[in-house]
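Understanding the architecture of this molecule
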Amino acid sequence: MNETQGSIGVFDSGYGGLTILRELQRRLQDYDWLYLGDNARAPYGNRSFEIVYEFTRQAVMTLFERGCHLVILACNTASAKALRTIQQQDLPKIAPERRVLGVIRPTVEALGDISRNGHIGILATPGTVRSRSYSLETAKLYPGMIVTETEAPMWAPLVENGEAHNPGADYFVKKYVDALLEADPQTDTIVLGCTHYPILLPKIRQYTPPHIRIIGQGDLVAESLADYLRRHPEIERRCTKGGKTEYLTTESPDKFNGIASYFMRARVEATQIVI
């Protein structure tokens, strides 16, 4: 594989990772980014561990082949179901000098400074909830915290179909928030454990008591990556700096461009690829 410099890769199964990319661009403006959305095979949330791992591995290899030395899995499902296997089994054999990072660990690391009473609620896709990744990571760092994970399977489809701000979304937003708070009424911090969910934030706030903090992941992941690059100059040196972003999708570019422009709040033009 090419060992020269390259963009920082950002991967998601669909569009949600664009909320992470937007914060990465804002926090780390000098770097180049290569975003890959596997939109043709999305969503990943209900797929098996084996399928999510294989699809994620293919995407990571595609980004490596296009020059990325560092890849961010800007997808909670991929981070939950594929990251560890890729880090521990694949990278040592195929690309020992390259790195793949996820979004769950940086989110959990921040909880100690955010929660007041140690009662954390996670709203996420079925795949992320069933992996128990948030509970397991939190137990490692903050053994005393109580984590309640609740599935919100309709939220990502609402966002991807442009229904996030329509009245019809209110029923499903209230339904899942109520389910989480019924499971643990002492919850004082809610983590949006899917990168699509920040698009629903106005409605989520509407149905959440005002004393509860609602945490998106974009700024946490961006700050964590900035710290990682400071601590790993050998990786940082391999990241090109031109402030450019390129977009790849496995779906129709016309379809991707319209929805991605909404997420990014700027015009997006993508190239279609097969992985």
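Residues numbered from 1 in each chain as written. Predicted model: local features only at pLDDT ≥ 70, side-chain atom pairs only at ≥ 80, totals over all residues. Heavy atoms only, no water.

A short note on unusual backbone geometry
Here the amide bond leading from Ala42 into Pro43 is cis, since omega sits at 0°, within 30 degrees of zero. Residue position: Pro43 is located in the loop between β2 (33-37) and α2 (49-65). Phi at Arg132 is positive, roughly 60°, even though this residue is not glycine. Inspection of the secondary structure assignment puts Arg132 in the loop between α7 (126-131) and α8 (133-141). In this structure Arg132 comes out as partly exposed when scored by relative accessible area, which is 45%. Even without being a glycine, Arg265 presents a positive backbone phi close to 60°. Relative to the assigned elements, Arg265 resides in the loop between α14 (253-264) and β10 (270-272). (Helix = DSSP H or I, 4+ residues; strand = E, 2+ residues; numbered from the N terminus. Buried < 20%, exposed > 50% of the residue type's maximum accessible area, 1.4 Å probe, protein only.)

Considering the sheet that holds strand β5 (residues 119-124)
Across the sheet, which stays open at both edges, the 4 strands sit in the order β6-β5-β7-β8 with parallel pairing between neighbours. Each edge of the sheet is formed by a strand with only one pairing partner; in this case those strands are β6 (146-151) and β8 (213-215). Strand-to-strand, the axes of this sheet are offset by a mean angle of 20°, without reference to chain direction. Sheet analysis places β5 next to β6, joined by 6 bridges and oriented parallel. Counterpart to Ile122 in the pairing with β6 is Glu149. Contacting β5, β6 and β7 (189-192), helix α10 (residues 169-183) crosses the sheet at an angle of about 150° to β6. (Pairing = 2+ DSSP bridges. Axes fitted to C-alpha atoms, helices over the stretch in contact; angles between N-to-C directions. Contact = heavy atoms within 4.5 Å.)

Structural notes on the packing of helix α1 (residues 17-27) against α14
Between two packed helices, the angle of one axis relative to the other and the distance separating the axes together describe the packing. Relative to each other, α1 and α14 sit at 50°, their axes nearing to 9 Å. Put simply, α1 runs oblique to α14. Pair α1 / α14 crosses with right-handed handedness. Residues Leu18, Thr19, Leu21, Arg22 and Gln25 of α1 lie in contact with α14, whose contacting residues are Ala260, Phe263 and Met264. Residues of the contact of α1 with α14, tallied by class, amount to 5 nonpolar, 2 polar and 1 charged. (Parallel < 35°, antiparallel > 145°, perpendicular 65-115°, else oblique. Left-handed = near helix turned anticlockwise from the far one by under 90°. Nonpolar A, V, L, I, M, F, W, Y, C, P; charged D, E, K, R; others polar.)

Thoughts on the environment of Ile8
Of note, Ile8 is situated in strand β1 (residues 8-12). Owing to a relative accessible area of 0%, Ile8 belongs among the buried residues under this scheme. When the C-alpha atoms of Ile8 and Asp254 are compared, they prove to be 24 Å apart, with 246 residues separating the residues in sequence. The contacts of Ile8, once residues within four sequence positions are left out, are Tyr31, Asp32, Trp33, Leu34, Cys68, Leu70, Ile72, Leu229 and Cys239.

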